[in-house]
Amino acid sequence: MTATPNPQPLLSIRGLRKSFYGIHAVDGLDLDVMPKTITGIIGPNGSGKSTSIDCLSGFQAIDAGQVLFDGRDIGNLPPHAIARAGLIRTFQTVNVYDDMSLLQNLMQAMVPFDKAGWLDDLLRTRRLRQAEAEARARAEHLVALIGLQRYAEAPAAILSYGQKKLLALAAALMPKPRLVILDEPVAGVNPSRILEVEEVIRQLHAAGETFAIVEHNVDFIMRLCSHVIVLVGGRKLTEGDPKTVRSDPRVLEAYLGIRA
Ligand SMILES: Nc1ncnc2c1ncn2[C@@H]1O[C@H](COP(=O)(O)OP(=O)(O)OP(=O)(O)O)[C@@H](O)[C@H]1O
Ligand SMILES: [Mg+2]
């Protein structure tokens, strides 16, 4: 019998560094995300979570280190090139277009991935019409998946903050990414809606999606993730399954400043 080879990480970060005016926001971070998992990333305020995401998604220039996505070096590529490679991230602050309908918001998310050129646009070619039809079908599927189909044609302005976060999650999924990185998907979301977000992520994961989730809501992370990474001071403090991480005295100390 041949042994099953260990799967390779989908995302692999080694020695990532980023400073702002002498402050080491990310200070030699090593981090792996395995395919088909939900990996949680937690850590106190200012521990470098968002900066790490900004660096690996091309929104901040990297000072040093390596970012491999499916074995390919994506370090310091521009955001659109990283997104086209299949790595999509959301932002800590919710960003949807209030005056566009939910479906328009979702279809808009496909613009950077549009293969049709200006000539297709001008001539409204079959290729363009087909791309639009596909985007609309996917948008309709996703708006139903997040449970907001009754508002599909309404402007996003009518949504609650939590519903806007769900819409941003659906927009990230539009181009069928291979890895979705969520920065604080339930921060500021009404507790009753948090379970909805959780259920949507569970369904997407069951359908084969890979997630990395940064979140302050530790219970949410512990329920959802199979693997949890703890950042402190721009580095990895520890990692492991939720139970192990939760009972690690160093994690308690990092969060609460107490020694167990
Ligand atoms: N654009 C920037 N310019 C200067 N300093 C920054 C910038 N972005 C982040 N920092 C600093 O880098 C450090 C890490 O910040 P970062 O936002 O990555 O932390 P975080 O873990 O996401 O925190 P939070 O949980 O509050 O979102 C902090 O000291 C922050 O003040
Ligand atoms: Mg942050």
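See the structure above.
Residues numbered from 1 in each chain as written. Chains lettered and ligands numbered in written order. Predicted model: local features only at pLDDT ≥ 70, side-chain atom pairs only at ≥ 80, totals over all residues. Heavy atoms only, no water.

What follows deals with the coordination of the magnesium ion (ligand 2). Taken together, Ser50 (OG) and Gln92 (OE1) make up the protein donors of the magnesium ion (ligand 2), found 2.1 to 2.3 Å from the metal. Of this pair, Ser50 sits in helix α1 (residues 49-56) while Gln92 sits in the loop between β6 (87-89) and α3 (102-108), and the two are 42 residues apart along the sequence. (Donors = N, O, S within 2.8 Å, 3.2 Å for Na, K, Ca; no water. Helix = DSSP H or I, 4+ residues; strand = E, 2+ residues; numbered from the N terminus.)

What follows concerns the packing of aromatic side chains. Inspection of the entire model under this criterion finds one aromatic pair. Judged by centre distance (5.1 Å) and plane angle (90°), the rings of Phe59 and Phe91 are edge-to-face. With Phe59 in the loop between α1 and β4 (64-69) and Phe91 in the loop between β6 and α3, this pair connects stretches of sequence that are 32 residues apart. It is Arg89 that lies over the ring of Phe91; its NZ or CZ is 3.9 Å from the centre. (Phe/Tyr/Trp six-rings, centres within 6.5 Å; stacked < 30°, edge-to-face > 60°. Lys NZ or Arg CZ within 6 Å of the ring centre and 35° of its normal.)

Right, let's get into the pattern of salt bridges. Enumeration according to the criterion identifies 13 salt bridges in this entry. Among the ionic pairs, Arg178 bridges to Asp70, the shortest N-O distance being 2.7 Å. One end of the pair, Arg178, is in the loop between α6 (161-173) and β7 (179-183); the other, Asp70, is in the loop between β4 and β5 (72-73), with 108 residues separating them in the sequence. Of the residues examined, Arg178 reaches a relative accessible area of 38% and is grouped as partly exposed. Its salt-bridge partner being Glu239, residue Lys236 comes within 2.7 Å of it at the nearest N-O pair. On the accessibility criterion, Glu239 (33% relative accessible area) is partly exposed. (Salt bridge = Lys/Arg side-chain N within 4 Å of Asp/Glu carboxyl O. Buried < 20%, exposed > 50% of the residue type's maximum accessible area, 1.4 Å probe, protein only.)

This brings us to α1. Of all eight residues in α1, seven are buried, a share of seventy percent or more. Every buried residue of α1 is accounted for by Lys49, Thr51, Ser52, Ile53, Asp54, Cys55 and Leu56. Positive phi appears at Gly58, one or two residues downstream of α1, with a value of about 85°.

Let us now look at the site of ligand 1. Around ligand 1 lies a shell of 13 residues, among which Gly46, Lys49, Ser50, Thr51 and His216 are the nearest. Lys49 is positioned with one of its side-chain polar atoms (N or O) 2.7 Å from an oxygen atom of ligand 1. At 3.0 Å, a side-chain N or O of Gln92 approaches an oxygen atom of ligand 1. Burial of ligand 1 by the protein amounts to 66% of the accessible area it has alone, namely 630 Å². With three residues, the top contributor of residues to the shell around ligand 1 is α1. In terms of residue class, the shell around ligand 1 is built from three nonpolar, eight polar and two charged. (Near = heavy atom within 4 Å. Polar contact = N/O pair within 3.5 Å; in protein donor to acceptor, adjacent residues only side chain to side chain. Areas by Shrake-Rupley, 256 points an atom, 1.4 Å probe, with all protein chains shown as cover. Nonpolar A, V, L, I, M, F, W, Y, C, P; charged D, E, K, R; others polar.)

The values reported here are purely geometric and, on their own, carry no functional implication.
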